[in-house]
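What follows is the residue order along each chain.
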Amino acid sequence: MRLGLKDIRTRSIFILFSAIFIATACQAFRLSQTKIIRLKGSDTMRILARAWAADYMRTHPRVSVYVEGGGSAVGFRALSAGTVDIAMASRLIRSNEAQVLSERYGKIGISFLVAKDALSIYLNRDNPIGNLTLKQIAAIFSGQISNWQEVGGLNAPIIVVLRPPTSGTYFYLKEHVLHDQPYTANGRTIPTTTGITRFIATHPNAIGYGGLAYGPNVKHCRINGIAALEKEVRKGRYPLTRYLYLYTIDKPQGEIKRFIDYTLSAAGQKIVKKIGYISIWPTEQ
């Protein structure tokens, strides 16, 4: 039986829409089978977690891993709110944060040590200063020293750059270097570590701080004559070191457990080293 032109067009349209429907249904099925893991928190850990996510998704195509920064405090709030599976933190959970978890879930959170960081003091590459003592760093960030000439540099005002109070790094420096005295009121707050290093790279008189893995375009200042290097951290000589953590509400299960196990595996720890942090045990690159 010969089909007319109208019949051929009708059949073609039917076939086209059938193909679209099948493709859409298949895509919907694939999405329904995709496991989503959400991480949020420490800006220090953001580039590390994104590298983990990319590598994990490459070998686990049915898993999508989303990573957001914002600071350790932001991560703990998101974990308490149930909007993320894992909080990233550059410090231990605080008692008030654990209390919120306890009130909502009857749990106080489980931590996983996944990397080590040497907290770095960033300087502009043109700054002649290459070493500062902890006392000098405390005096600069508290505002007691405000000119580079006071620490052997040029006669120029110091531009102090700070992380926001939601940052675990902000509190680490305040606790371990300033010994809880306040930061200078003249500091400039920049929300991300990347933003801090970019600012310092273009402002010769600026000083800031952040994770060791950030800032190839800035100078990482020696502290008490010790460089922020892996060998100095492992020997316990570099004075500003800390662990980096992943937190879950309860003992992780399923794909979340497999992802955390991956971060602690040889493959995950090699990425720690590749990014510029320090693996929790020595690994071969």
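Since the model is a prediction, treat every value here as computed from it, not as a measurement. (Residues numbered from 1 in each chain as written. Predicted model: local features only at pLDDT ≥ 70, side-chain atom pairs only at ≥ 80, totals over all residues. Heavy atoms only, no water.)

Caption draft 1: A look at the overall build of the protein. Across its full length, the protein holds 10 helices and 12 strands. Per-residue burial over the protein gives 45% buried out of 285 residues. Put simply, 72% of the contacts in the protein that link residues at least 6 apart link residues at least 24 apart. Split by element, the accessible area of the protein, about 14,600 Å² in all, is 56% carbon and sulfur. (Helix = DSSP H or I, 4+ residues; strand = E, 2+ residues; numbered from the N terminus. Buried < 20%, exposed > 50% of the residue type's maximum accessible area, 1.4 Å probe, protein only. Contact = heavy atoms within 4.5 Å. Areas by Shrake-Rupley, 256 points an atom, 1.4 Å probe, with all protein chains shown as cover.)

Caption draft 2: How the structure looks around the packing of helix α2 (residues 46–59) against helix α9 (residues 254–264). Relative to each other, α2 and α9 sit at 115°, their axes nearing to 11 Å. You can see that α2 and α9 cross each other, and the crossing is right-handed. Touching Trp-52, Ala-53, Asp-55 and Tyr-56 of α2 are Glu-255, Arg-258, Phe-259, Tyr-262 and Thr-263, all from α9. In terms of residue class, the contact of α2 with α9 is made up of five nonpolar, one polar and three charged. (Axes fitted to C-alpha atoms, helices over the stretch in contact; angles between N-to-C directions. Left-handed = near helix turned anticlockwise from the far one by under 90°. Nonpolar A, V, L, I, M, F, W, Y, C, P; charged D, E, K, R; others polar.)

Caption draft 3: Local environment of the pattern of salt bridges. Under the definition given, this model contains 11 salt bridges. Across the pair Glu-68 and Lys-40 runs a salt bridge whose closest N-O atoms are separated by 4.0 Å. You can see Glu-68 sitting in strand β2 (residues 63–68) and its partner Lys-40 sitting in strand β1 (residues 35–41), a full 28 residues away along the chain. On the basis of relative accessibility, which here comes to 45%, the residue Glu-68 falls in the partly exposed class. Close ionic contact of Asp-55 with Arg-58 constitutes a salt bridge, the shortest N to O distance being 2.7 Å. With Asp-55 and Arg-58 both in helix α2 and three residues apart, the pair spans about one turn of that helix. (Salt bridge = Lys/Arg side-chain N within 4 Å of Asp/Glu carboxyl O.)

Caption draft 4: Region of interest: the pairing of strand β9 (residues 206–210). In terms of burial, β9 is largely enclosed, as five of its five residues are buried. Here β9 shows two buried faces, one formed by Ala-206, Gly-208 and Gly-210 and the other by Ile-207 and Tyr-209. For strand β5 (residues 120–123) and β9, the ladder comprises four bridges, and the chain directions are antiparallel. Looking at the pairing, Ser-120 lines up with Gly-210 of β9. (Pairing = 2+ DSSP bridges.)

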